Amino acid sequence: MNVVTDTGVDARVHPSPNHGPRAQDAPIDMLVLHYTGMESAELALQRLCDPRTEVSAHYFVYEDGTILQCVPEARRAWHAGRSFWKGEKDINSRSIGIEIVNPGHEFGYRPFPESQIDAVVRLSKDVCLRHDVLPWMVLAHSDIAPDRKEDPGEKFPWNRLAEAGVGLYVEPHAIVAGLLMQEGDRGQPVEALQSMLGLYGYNVDINGVFDEKTRHAVKAFQRHFRQEKVDGVADHSTIETLNLLLRRLPTFSV
């Protein structure tokens, strides 16, 4: 039975015991999207509601567009894990987490059905409007934990959210031959790349060394914004797409 939930879209309550208090005075200013990454929706929902797993999310979206609310928005769901964005490490205290049913890379990653994306768009827009979530704070799990996570992955249509006014999106720059940076490279161009990634929010060390941490951040960026090729190599397309994205930030101009 549909009941009144936190969200203004149709949702059913399916409570998870896995939540706690948000950190004192922490604003809800982030939206984090995940895929379930399990063989079935049923197994994923069981895991999110099993107290032994200590994981949960506020919302769960089936492939047919059905939405469940598992944790009240006022509570701190346990979806982000060890993560970082724009200097913040307790992402769970500041975010709403949405789990989107998809088997993920391990169990047969596939495109997200239209009905599911329509539901995610409606839900995300509602969350962002009610909590004043800024576009650059609408994130993939892979953005905030690039060394651990791939979700919701390179098949997720972020442009569909942007068309509804949710998140930032730019048309990716075309992939062309040319100079590139990759793991092991050093120098000022690498430092500039790291500064750009860090300015957007990624957890990188600005040290002029294209290290593993930088490679993870580049892959996460590609997974979100340059989905055609996700390889962790900072080619011309990746750098120009990042440049275009940064131009959309109110505090950055070139």
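Refer to the preceding data block for the structure.
Cut-offs used in this document
- Residues numbered from 1 in each chain as written.
- Predicted model: local features only at pLDDT ≥ 70, side-chain atom pairs only at ≥ 80, totals over all residues.
- Heavy atoms only, no water.
- Pairing = 2+ DSSP bridges.
- Helix = DSSP H or I, 4+ residues; strand = E, 2+ residues; numbered from the N terminus.
- Contact = heavy atoms within 4.5 Å.
- Axes fitted to C-alpha atoms, helices over the stretch in contact; angles between N-to-C directions.
- Salt bridge = Lys/Arg side-chain N within 4 Å of Asp/Glu carboxyl O.
- Buried < 20%, exposed > 50% of the residue type's maximum accessible area, 1.4 Å probe, protein only.
- Core = buried A, V, L, I, M, F, W, Y, C linked by side-chain atoms within 4.5 Å.
- Phe/Tyr/Trp six-rings, centres within 6.5 Å; stacked < 30°, edge-to-face > 60°.
- Disulfide = S-S within 2.5 Å.

1. Here we look at the sheet that holds strand S1 (residues 12-13)
- If you walk across this open sheet you meet the six strands as S1-S5-S4-S7-S3-S8, and the pairing is mixed. The strands lining the two open edges of the sheet, one partner per strand, are S1 and strand S8 (138-140).
- As judged from the six bridges shared by strand S3 (residues 30-35) and strand S7 (residues 95-100), these two strands associate in the parallel manner. Paired with Leu33 across the two strands is Ile98, which belongs to S7.
- Packed on one face of the sheet, helix H1 (residues 41-48) meets strand S4 (59-61), strand S5 (67-69) and S7 and runs near 175 degrees to S4.

2. Quick look at the pattern of salt bridges
- Under the defined criterion, the tally for this structure stands at 17 salt bridges.
- As a salt-bridge pair, Glu63 and Arg110 come within 3.1 Å of each other at their nearest N and O atoms. One end of the pair, Glu63, is in the loop between S4 and S5; the other, Arg110, is in the loop between S7 and helix H3 (114-131), with 47 residues separating them in the sequence.
- Here Arg160 and Asp118 are joined by a salt bridge, their closest N and O atoms 2.5 Å apart.

3. Re unusual backbone geometry
- In this structure, Pro152 follows Asp151 across a cis peptide bond, with omega equal to 0 degrees.
- Within the fold, Pro152 resides in the loop between helix H4 (141-144) and helix H5 (158-163).
- Notably, Lys86 is not glycine yet its phi reads approximately 50 degrees, a positive angle.
- Here Lys86 shows up in the loop between strand S6 (75-77) and helix H2 (91-94).

4. So, the environment of Ala44
- Mapped onto the fold, Ala44 is located in helix H1.
- C-alpha separation for the pair Ala44 and Ile98, spaced 54 residues apart in sequence, amounts to 13 Å.
- In this view, Ala44 contacts Thr36, Met38 and Phe60; residues no more than four positions away in its chain are not counted.

5. Side note on the pairing of S3
- Burial of S3 is extensive: six of the six residues sit out of reach of the surface.
- Taking every second residue as pointing to the same face, both faces of S3 are buried, with Met30, Val32 and His34 on one and Leu31, Leu33 and Tyr35 on the other.

6. Here's the deal with the nonpolar core
- Counting 58 residues, the largest nonpolar core has Leu33, Trp85, Phe156, Leu197, Tyr200 and Tyr202 as the members making the most contacts within it.
- At seven residues, H3 tops the list of elements feeding residues into this core.
- Beyond its immediate sequence surroundings of up to four residues, Tyr200 is in contact with Trp85, Lys86, Trp136, Leu168, Phe225, Leu245, Leu246 and Leu249.
- Counting 13 residues, the second-largest nonpolar core is a separate cluster that includes Ala41, Leu48, Cys70 and Val101.

7. Remarks on the packing of aromatic side chains
- Counted by the stated rule, this structure contains ten aromatic pairs.
- Where Trp85 meets Tyr200, the ring centres are 5.7 Å apart and the plane angle is 85 degrees; that geometry is what we call edge-to-face. Pair noted here: Trp85 is in the loop between S6 and H2 and Tyr200 is in helix H6 (residues 188-200), with a separation of 115 residues, a long-range link. For the residue pair Trp85 and Tyr200, the accessibility class agrees, reading buried in each case.
- A centroid spacing of 6.2 Å and a plane angle of 80 degrees characterise the contact between Tyr109 and Phe112, whose relative ring orientation is edge-to-face.

8. Remarks on the pairing of S7
- Of all six residues that make up S7, six are buried, and the element is covered over most of its length.
- Burial of S7 is two-sided: the residues Ser95, Gly97 and Glu99 facing one way and the residues Ile96, Ile98 and Ile100 facing the other way are all buried.
- As paired strands, S4 and S7 are joined by three bridges and run parallel to one another. Of the residues in S7, the one forming a bridge with Val61 is Ile100.

9. Points about the state of the cysteines
- Under the counting rule described, the total for this entry stands at zero disulfides.
- In this structure Cys49 is not part of a disulfide, and its nearest cysteine sulfur, from Cys70, lies 4.7 Å away.
- Judged by its relative accessible area of 17%, Cys49 falls in the buried class.
- For the unlinked cysteine Cys128, the closest cysteine sulfur is that of Cys70, found at 19 Å.

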